[in-house]
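# Understanding the architecture of this molecule
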Amino acid sequence: KIMPTAAAGGGGGAMISNKQHQQQRKRKQQLMTRSDEQTVRSANGLMLRLLLHLKPNSTLKHQKILVQIASKFPNVLTRYLHAMPFSFEARASLRWLVNVTLAIKLLRLMDFEASTLHRTPPNMVVGRLFPAGVTRLLLSQGVQNSNALVQITVLRLLTTILESFQRLVRKATQMLGKGGKQGSEQTLAALRHSLSQRLPSLEILYALYAKIESKMDGVGSQRLLQKQADDEGSGRKRKKTEGVSSSSSPSPSSSSSSPSSS
């Protein structure tokens, strides 16, 4: 009775030592991953501080450096968009146009990682699509601006945000498809709701659409009237030229009577 229990105890000690060894390995791996994450975060923070010292809206070389780094480091790009030190208040100026164009370039480079989609709430994920200072009020004022160039530029920014949101939805659909249909639909609905809270109201967008349609109809009618006027003018000119040519050319009776008279 004593010997089997001793043997069993020795096997149990070996099993315990193996478990302890595995636990120690897991702890080491966790410490290594934490240290790696801290190193990456510190490196990203240092890179972000360097990018914030650039002047991409006034120097083309700085803009190229920013775009190259942002295309390779998505986390740095996300943090830079939320810390852009530029003004996006809608006004007809060259500096504002450059600022918005730069934001559009950076938004087109955005990529969404599966890990961030898992851990981040939907409203924060959607918030990454909007650069610092780009609010619902600012977009609403931009699309209602009296300057046509400002309106077009803000609409370009809105279009880019919606395109980035479509990429986000595709990535979220692929990732959430494994977790069940109901959970994925709830997440997508939350993403759409968060987006609608940041965009201009539908009344403003419908009013802008109706205004553009009326202008296009007016331009089309003006072009049609101009074309009709041009056609009438060309017809009158053609008739005049035909009348002049017929009066200047000699009649056959006069040409035949001249030899007989001679």
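Residues numbered from 1 in each chain as written. Predicted model: local features only at pLDDT ≥ 70, side-chain atom pairs only at ≥ 80, totals over all residues. Heavy atoms only, no water.

A few words now on the packing of helix α4 (residues 94–107) against helix α8 (residues 148–176). Contact geometry of α4 with α8 gives a least axis separation of 10 Å together with a crossing angle of 15 degrees. The angle between α4 and α8 places the two elements in the roughly parallel class. The two elements α4 and α8 meet at a crossing, and its hand is left-handed. Across the interface between the two elements, W96, L97, V100, T101, I104 and L107 of α4 pack against V150, T153, V154, R156, L157, T160, I161, S164 and R167 of α8. A class-by-class count of the residues in the contact of α4 with α8 yields nine nonpolar, four polar and two charged. (Axes fitted to C-alpha atoms, helices over the stretch in contact; angles between N-to-C directions. Helix = DSSP H or I, 4+ residues; strand = E, 2+ residues; numbered from the N terminus. Parallel < 35°, antiparallel > 145°, perpendicular 65-115°, else oblique. Left-handed = near helix turned anticlockwise from the far one by under 90°. Contact = heavy atoms within 4.5 Å. Nonpolar A, V, L, I, M, F, W, Y, C, P; charged D, E, K, R; others polar.)

What follows deals with the confidence of the model for the chain. Here the chain shows a mean pLDDT of 78. Residues at 70 or above account for 64%. Averaged over each element, pLDDT in the chain is lowest for helix α11 (residues 252–261) (48) and highest for α4 (94). Ignoring residues within four places in sequence, the model shows residues 1–8, a span with pLDDT below 50, making zero contacts including any to other chains. (pLDDT = per-residue confidence, 0-100.)

Quick look at the environment of Y80 now. Tracing the backbone shows Y80 in helix α3 (residues 74–81). For Y80, a relative accessible area of 1% puts it in the buried group. Taking C-alpha positions, Y80 is 8.8 Å from A132, a pair spaced 52 residues apart along the chain. (Buried < 20%, exposed > 50% of the residue type's maximum accessible area, 1.4 Å probe, protein only.)

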